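One-letter residues, chain by chain:
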Amino acid sequence: MNNLDAALLARLQQAELFAFDLDGTLVDSVGDLALALNLGLKDLGWPQVSPDQVRHWVGQGSLRLAHQCALAHYQSLGGSDHTASLPLEADEVQRLHQAFLHHYQQVNGHTTQLLPGALASVQHLKKCGKKLALITNKPSAYLPALLALFELDTQFDLLLGGDSLLQRKPDPAPLLYAAHHLGCSPHTSVMIGDSRHDIHAARAAGFISLGLPAGYNHGEDLSLSQPDAMLGSLNDLLLIESAVDRIG
């Protein structure tokens, strides 16, 4: 665990709520996302994209994913004038988004992998008496089956998808809602994620922010977003004890 001083460790031990991002934090879902997106592209007669491209686009929800893919398609055709005015509401973006959602329902979980330390860290924090929330920009309909696949479905006290509220990350509203709903103070709450959107939302909500370097962050170094600490992996969370256990 990097840049974690004694004061921050004490805050983590005393924290009441730990909120996790999903894609790139608990699971690597790029394979399924790329498969569903390419099936949607095939429906539209557009060229296929690579998993590396999808990894670069993930993080702002499925509509933004479709939008980024549509932008890349038109840019590859030299359509800079078109891409400059391609809103989220554009017909081609909406058609690709709906095709992606249809196919993702069929492939969700087929190639997704649990990331190192994901289940162990969540179970550990739960045993320490912490409240746990999942706050993701993935549509909520896809969460139960995916979480059940990795035995994570019984671990969280609250699940928030990208469509659960009017706002989503990087807006702090989902984090503040989770803290209020679970009876916790933002000051004693933690957000763990792999993207600048997680870190920005945490900072705006007054949460402690912990970053993971190996997820999806649009090709950027997550440390540039200045989280309170960077984790080597989720296994670092096993070092956190409850304040009661520590005193005892």
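Quick caveat: nothing in here was measured; it's all calculated off a predicted structure.

Engineer: Can you tell me about empty space enclosed by the protein, naming the residues and giving the values?
Structural biologist: Within the structure shown, the criterion is met by one cavity of 30 Å³ or more. Its boundaries defined by the atoms lining it, the largest cavity holds a volume of some 230 Å³. For the lining of the largest cavity, the secondary-structure elements that each account for two or more residues are helix H4 (62–76), helix H6 (91–107) and helix H10 (196–205). Across the lining of the largest cavity, the residue classes break down as seven nonpolar, eight polar and six charged.

Engineer: Let's hear about the environment of His110: which residues, and what values?
Structural biologist: As for its position among the elements, His110 is in the loop between H6 and strand S3 (113–114). Remark: the alpha-carbon pair of His110 and Leu149, spanning 39 residues in sequence, is separated by 9.8 Å.

Engineer: A description of H4 should follow, citing residues and the corresponding values.
Structural biologist: Compared with an ideal rise of 1.5 Å per residue, which puts 15 residues at 21 Å, H4 spans 21 Å between its outermost C-alpha atoms and is within 8% of the ideal. By the burial criterion, the buried members of H4 are Ser62, Leu63, Leu65, Ala66, His67, Cys69, Ala70, Leu71, His73 and Tyr74. Downstream of H4 by one or two residues, Gly78 has phi in the positive range, about 80 degrees.

Engineer: Summarise the sheet that holds strand S1 (residues 17–20); cite the residues concerned and give the values.
Structural biologist: On the basis of which strands lie adjacent, the open sheet formed by six strands has the order S5-S4-S1-S6-S7-S8 and parallel pairing. Both edges of this open sheet fall to strand S5 (158–160) and strand S8 (229–230), since each of them pairs with a single strand only. Strands S1, strand S6 (189–193), strand S7 (208–211) and S8 of the sheet are contacted by helix H1 (residues 6–14), whose axis makes an angle of about 105 degrees with S7. Lying over the sheet, helix H7 (residues 118–127) contacts S1 and strand S4 (131–135), oriented at roughly 160 degrees with respect to S1.

Definitions and limits used
Residues numbered from 1 in each chain as written. Predicted model: local features only at pLDDT ≥ 70, side-chain atom pairs only at ≥ 80, totals over all residues. Heavy atoms only, no water. 1 Å grid on protein atoms, 1.4 Å probe; cavity = no way out; pocket = protein on both sides within 12 Å on 5 of 7 lines; lining within 4 Å. Points joined across faces, edges and corners; volume = space filled by probe spheres on them. Helix = DSSP H or I, 4+ residues; strand = E, 2+ residues; numbered from the N terminus. Nonpolar A, V, L, I, M, F, W, Y, C, P; charged D, E, K, R; others polar. Expected span 1.5 Å × (residues − 1). Buried < 20%, exposed > 50% of the residue type's maximum accessible area, 1.4 Å probe, protein only. Pairing = 2+ DSSP bridges. Contact = heavy atoms within 4.5 Å. Axes fitted to C-alpha atoms, helices over the stretch in contact; angles between N-to-C directions.

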